[in-house]
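Analysis of the macromolecular model
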Amino acid sequence: MELIVEITDQSGRSHQYRKVAGEKVTIGRAWDNDLILNDPAVNPHHVVITQDETNRLLITDLDSLNGTNNPDKQRIQGSAPLQVGEEYLIGKSRICFYTPDYPVVETVKVADIDHSIRLLDDTRFLVGASLLVTLLYAGEQWLNMFSGFKWQEIANVLLVVYAGVIGLTLFWVVIGRVLRHEIQFRKHLTLILIFTVIQYLTSKLFALIMFNTLNMTLSLAMMVFSEFVLVAGLLWFNLYLATNQTNVQRTRTAIMIASVMIALTLYSEIASRAEFSDSPDYIKVLVPPALQFGGGVSEDEFLSGASKVFTRLDTE
């Protein structure tokens, strides 16, 4: 008689496989068992599996303290036919028994995305993404210093950025540990750093578009769409690393969460504009003249638009 034993943890995840053989297979905590379980709820000699004259496998509980439950969660009294491929509860240990001819699941093709995800574990990508984040945020802070260089301000900005990155990374690490029983800190960290770089560059691009077009509605719509795509993409990849969802479930979850987040952001933007409308439209940031590709508006046109605002305020 030959058996393959699968031992699973409390969550049902496969812990290990063992192959045992003999006229009978004994299971317990004692050292003379064929299968030794490190479980204080298991008797020294808890269960024995035998084969009768018709080659039928039998499982027998050896009058153990905590008993042996069959796949129907009923306690076995004496001997019972062994249900191959089904899960038994021995003490607190969850165990499945298989015969060598038991069919295995079909081979799963490695998805193309797995090769890309594997790159996130490369130290070079982590260092490169970290360097880019540091240069972008530190460089922007330095360019906006008009009263002398203050390294404390740069350090404060970087501290806030990296605190957010680390916090989000730890959140997904915890999710992955609970749902998938895997800790992929480096992959999550690299992924979030890459997202941070893309999000920074995207925001600067749309600020440049807004500066040159003065069309806040169009720029806001483009920015909301790009933010939705970026957030949904980040969620999708993090869900891929941290959960066992299917592609459809993962996509649906990412779209739903991203939609809620963007809707809240958009509502806040609309509510703040309702208090006072910037008319004529103007951009409240300093941009080098070399980045002006559009014609803009003349001083007279701007003042003319501004007078309409004050006239409306006076009448109200």
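Our subject is the structure listed above.
Described below are features of the structure shown in this document.

Here's the deal with the overall build of the protein
Along its length, the protein carries seven helices and 10 strands. Burial status across the protein gives 33% buried among its 316 residues. Only carbon and sulfur atoms are counted for the fraction: they give 61% of the accessible area of the protein, which is about 20,100 Å².

Thoughts on a nonpolar patch on the surface
Residues M256, I257, V260, M261 and L264 make up a contiguous nonpolar surface patch of roughly 470 Å² in combined accessible area. Note that M261 resides in helix α6 (residues 247–275). Judged by relative accessible area, which is 40%, M261 ranks as partly exposed.

Focus: the pairing of strand β1 (residues 2–8)
Extensive coverage of β1 is indicated by the burial of six of its seven residues. Sheet topology note: the β1/strand β10 (residues 93–98) ladder contains five bridges and is antiparallel. Bridge pairing in β10 places I7 opposite I95.

Remarks on the packing of aromatic side chains
This structure, assessed with the given rule, holds six aromatic pairs. When the ring of W236 is compared with that of F237, the centres are 5.3 Å apart and the planes differ by 80°; the resulting orientation is edge-to-face. Note on F237: relative accessible area 29%, which makes it partly exposed. Their ring planes at 15° and their centres at 5.7 Å tell us that W236 and Y240 sit as a pair that is stacked. Remark: Y240 and W236 occur in helix α5 (residues 216–242); sequence separation between them is four residues, near one turn of the helix. Here W236 matches Y240 in class, with each residue buried. Among the aromatic side chains, those forming a connected cluster through ring pairs are W236, F237 and Y240.

Here's the deal with the sheet that holds strand β8 (residues 79–81)
If you trace the five strands from one edge of the open sheet to the other, you get β4-β3-β5-β6-β8, paired in mixed fashion. At either end of the open sheet lies a strand with only one pairing partner, and these are β4 (35–36) and β8. The pairing of strand β6 (residues 57–61) with β8 spans three bridges and is classified as antiparallel. In the sheet register, I59 faces β8, and the bridge partner there is A80.

Overview of the layout of surface pockets
Here the second largest pocket is characterised by a volume of approximately 270 Å³. Put simply, the parts of the chain that give the lining of the second largest pocket at least two residues each are α1 (112–119) and α5.

Focus: the pairing of strand β3 (residues 25–28)
Here β3 shows a buried face lined by V25 and I27 and a second buried face lined by T26 and G28. Across three bridges, the pairing between β3 and strand β5 (residues 47–51) is antiparallel. By the bridge assignment, I27 is partnered in β5 with V47. In this structure, β3 lies alongside β4, joined through two bridges in parallel fashion. Residue I27 lies in a different strand from β4, and its bridge partner there is L35.

A closer look at the pattern of salt bridges
Inspection of the entire model under this criterion finds six salt bridges. D122 is the salt-bridge partner of R124, the closest N and O atoms lying 2.8 Å from each other. Look at D122 and you get buried, because its relative accessible area is 18%.

Focus: the nonpolar core
Membership of the largest hydrophobic core comes to 33 residues, with the highest contact counts inside it found for V133, Y137, V165, W172, L193 and L235. Within the residue set of this core, elements represented by two or more residues are α2 (123–143), α3 (151–179), α4 (185–213), α5 and α6. With 10 residues, the single largest contributor to this core is α5. Those residues in contact with L235, other than ones at most four positions away along the chain, are W172, A254, I257 and A258. In this structure, L35, V47, Y88 and F97 belong to the second largest nonpolar core, which totals 19 residues.

Rules behind the numbers
- Residues numbered from 1 in each chain as written.
- Predicted model: local features only at pLDDT ≥ 70, side-chain atom pairs only at ≥ 80, totals over all residues.
- Heavy atoms only, no water.
- Helix = DSSP H or I, 4+ residues; strand = E, 2+ residues; numbered from the N terminus.
- Buried < 20%, exposed > 50% of the residue type's maximum accessible area, 1.4 Å probe, protein only.
- Areas by Shrake-Rupley, 256 points an atom, 1.4 Å probe, with all protein chains shown as cover.
- Patch = residues over 30% accessible without salt bridge, like charges linked within 9 Å, V, L, I, M, F, W, Y side chains within 5 Å.
- Salt bridge = Lys/Arg side-chain N within 4 Å of Asp/Glu carboxyl O.
- Pairing = 2+ DSSP bridges.
- Phe/Tyr/Trp six-rings, centres within 6.5 Å; stacked < 30°, edge-to-face > 60°.
- 1 Å grid on protein atoms, 1.4 Å probe; cavity = no way out; pocket = protein on both sides within 12 Å on 5 of 7 lines; lining within 4 Å.
- Points joined across faces, edges and corners; volume = space filled by probe spheres on them.
- Core = buried A, V, L, I, M, F, W, Y, C linked by side-chain atoms within 4.5 Å.
- Contact = heavy atoms within 4.5 Å.

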